[in-house]
Amino acid sequence: MDFVDLILVSQVDRVIMHACPYKQPVDGTMCITGHHLILSSRKKGIDELLLMHQNIDVVERKPNNLNGGSLIVKCKDFRLVKLDIGQTDDLNNAATTIESIISVNNILLMYPFYYRPTNSIIEDGWTAYRPEAEFTKLTLGEEWRITHINQHFDICPTYPCVLVVPKNVDDETIVMSAKFREGGRFPVLSYRHNGGSVLMRSSQPLVGPSNKRCKEDERLLNAVLGIGKRGYIIDTRSQNIAQVAKNRGFGYEVEVHYPQWRRIQKPVERHQALLDSLSKLVDACNDKSSSMDRWSSRLESSNWLTHIRDALNCACLTAQCLDQEGSSVLVHGSEGTDSTLLVTSIAQVILNPDCRTMRGFQALIEREWLQAGHPFQLRHTRGCFSTNSTGRTKSHGATFLLFLDCVWQIQNQFICSFEFSPSLLILLFEHSVSSEYGTFLGNCEADREMLELPRKTVSLWSYVNRFDVLEKLLNPIYVPSNKIVWPSVAPMSLTLWRDLFLRWAVDLTKEKSIWNKIDTIVKDNKELKTKAIQLRKQLAELEKEAAQMYASKKSSSKMV
């Protein structure tokens, strides 16, 4: 199929764009290509539009009574772009064209397969965070081993080909455990905390109404516990949802079969409910007519901050079990691809200072989201503006955005503890929904291998780790620390992420200029410190030379 067949109109003149309420409308020419919607103006210094079709969620037509009308383009990054078009035929043809292109589901036709960067690639992001190297940093002991049992993705289609399991558990035990877990997602290592307690993740067991058991699964879990040690199984579902799953053949670990493990339920909402909540929040953010009371009411009724609280609560409990009790933890919900990854990754941000560095956070995204099988392609096909009538289904969700928001909440409370700025989190959100890079394409490693993404596309990390990009994403007031950060989940501690949710509705230029000034001051101070260090070194060298000269003169005078 060729995009040319779908493009009914490629260019429309005299289109007026309204992109932000605090910016002037732009009069220009609209062009529709196979991958982008473009609006260019003849006036210099005017913001133009270069919008990837992959970013478009919904297109609405609003015809005038006489001729022409408006095209409302609603984007997955929460942007609302209004395009005033003079002719009705152009309006309808443009809307039909965009609707047809965004409905194409063939991944191979997406822009990352056509994009070629203009800058040279200094580091290949596809090889930057190899599982073997990353897990070597985590294990630091002889109790664990790397297994390639899933190298053909036949044991678990959503797991990577390289996994870390207890050293005293053989592959046959792992195979049987995989058969006992939904989707084959058997318990694997996620993180090893100081002192030896470990964080594992999996999917739900296939217990069913008859309380089936799997001795191999029990052996695998018990292998991570020391003599006399107990562990915790944290279920991210409510008791009712877990019981319904059990009646359908799934369920939860029966305590009589796992006597060394205590099961705790700490509910986190499922991905489709998160998207419903996000839709309400974004609608409230785009409503300019709301009074203060109505805005507060709509923000509360969206439940987005409640979901953040629940996720942080569950992650904090997980972190407390690992750090304060020294107990190992297994986290799972149903499939183990959404709330499970949400909790394990936030817990690591809390506990592991490396995850709060630029490269450590990238490694966390790779390890706990991309390689762990979060279905990005499936979850982000539709966004918060879509409805059941425009293609939204139960498979769509906003779990990754909730994770980024939780990280921002922690960052907002511990502003000096993160090497990266919130700009990195916004960049990750934007590229997870639409990108010229191939990092977030596909639903798991098997998909990315089949699509040959490392060979045919560029990694987002290759872009982020360029020096000119990296320096814009760093936190100017970062202070390295090995301390654990315990976030507050009190209502007054959680707040709306304004820089993300309100950036298209409110002018945040002043806030950005303040941070730019802080950045400049810190850089100037760093330069002064560097110069001072250099001067100290020069002074030390001069003092050393002077001492040597004095000693030489003194010895020569004695000889005389």
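Residues numbered from 1 in each chain as written. Predicted model: local features only at pLDDT ≥ 70, side-chain atom pairs only at ≥ 80, totals over all residues. Heavy atoms only, no water.

Colleague: Help me understand the packing of aromatic side chains in this model?
Modeller: In this description, an aromatic ring pair is defined by two values, namely the gap between the centres and the angle between the planes. Enumeration according to the criterion identifies 18 aromatic pairs in this entry. Their ring planes at 75 degrees and their centres at 5.4 Å tell us that Tyr 115 and Tyr 437 sit as a pair that is edge-to-face. Taken together, the residues span a long stretch of sequence, with Tyr 115 in the loop between helix 1 (88–102) and helix 2 (131–139) and Tyr 437 in the loop between helix 13 (422–433) and helix 14 (445–450) at a distance of 322 residues. Comparing Tyr 115 with Tyr 437, the two get one shared label, buried. Look at Tyr 437 and Tyr 463: their rings are 5.4 Å apart centre to centre, the planes differ by 25 degrees, and that puts the pair in the stacked class. Taken as a pair, Tyr 437 in the loop between helix 13 and helix 14 and Tyr 463 in helix 16 (residues 460–464) lie far apart in primary sequence, 26 residues in all. Owing to a relative accessible area of 23%, Tyr 463 belongs among the partly exposed residues under this scheme. The side chain of Arg 263 reaches across the aromatic face of Tyr 252, ending 3.9 Å from its centre. (Phe/Tyr/Trp six-rings, centres within 6.5 Å; stacked < 30°, edge-to-face > 60°. Helix = DSSP H or I, 4+ residues; strand = E, 2+ residues; numbered from the N terminus. Buried < 20%, exposed > 50% of the residue type's maximum accessible area, 1.4 Å probe, protein only. Lys NZ or Arg CZ within 6 Å of the ring centre and 35° of its normal.)

Colleague: What is the right way to look at the packing of helix 10 (residues 358–370) against helix 12 (residues 399–413) in this model?
Modeller: Relative to each other, helix 10 and helix 12 sit at 150 degrees, their axes nearing to 13 Å. Both helix 10 and helix 12 take part in a crossing whose hand is right-handed. Within the contact between the two elements, helix 10 uses Phe 361, Leu 364, Ile 365 and Trp 369 and helix 12 uses Thr 399, Phe 400, Phe 403, Leu 404 and Val 407. Of the residues belonging to the contact of helix 10 with helix 12, the class tally is 8 nonpolar, 1 polar and no charged. (Axes fitted to C-alpha atoms, helices over the stretch in contact; angles between N-to-C directions. Left-handed = near helix turned anticlockwise from the far one by under 90°. Contact = heavy atoms within 4.5 Å. Nonpolar A, V, L, I, M, F, W, Y, C, P; charged D, E, K, R; others polar.)

Colleague: Hey, could you run me through helix 10 in this one?
Modeller: Residues spaced three or four apart along an α-helix face the same direction, because each turn holds 3.6 residues. Taking 1.5 Å of rise per residue, 13 residues should cover 18 Å, and helix 10 covers 17 Å from first to last C-alpha, within 8% of that figure. Looking at where helix 10 begins, the residue whose side-chain oxygen comes 3.1 Å from the main-chain nitrogen of Gly 360 is Thr 357. (Expected span 1.5 Å × (residues − 1). Polar contact = N/O pair within 3.5 Å; in protein donor to acceptor, adjacent residues only side chain to side chain.)

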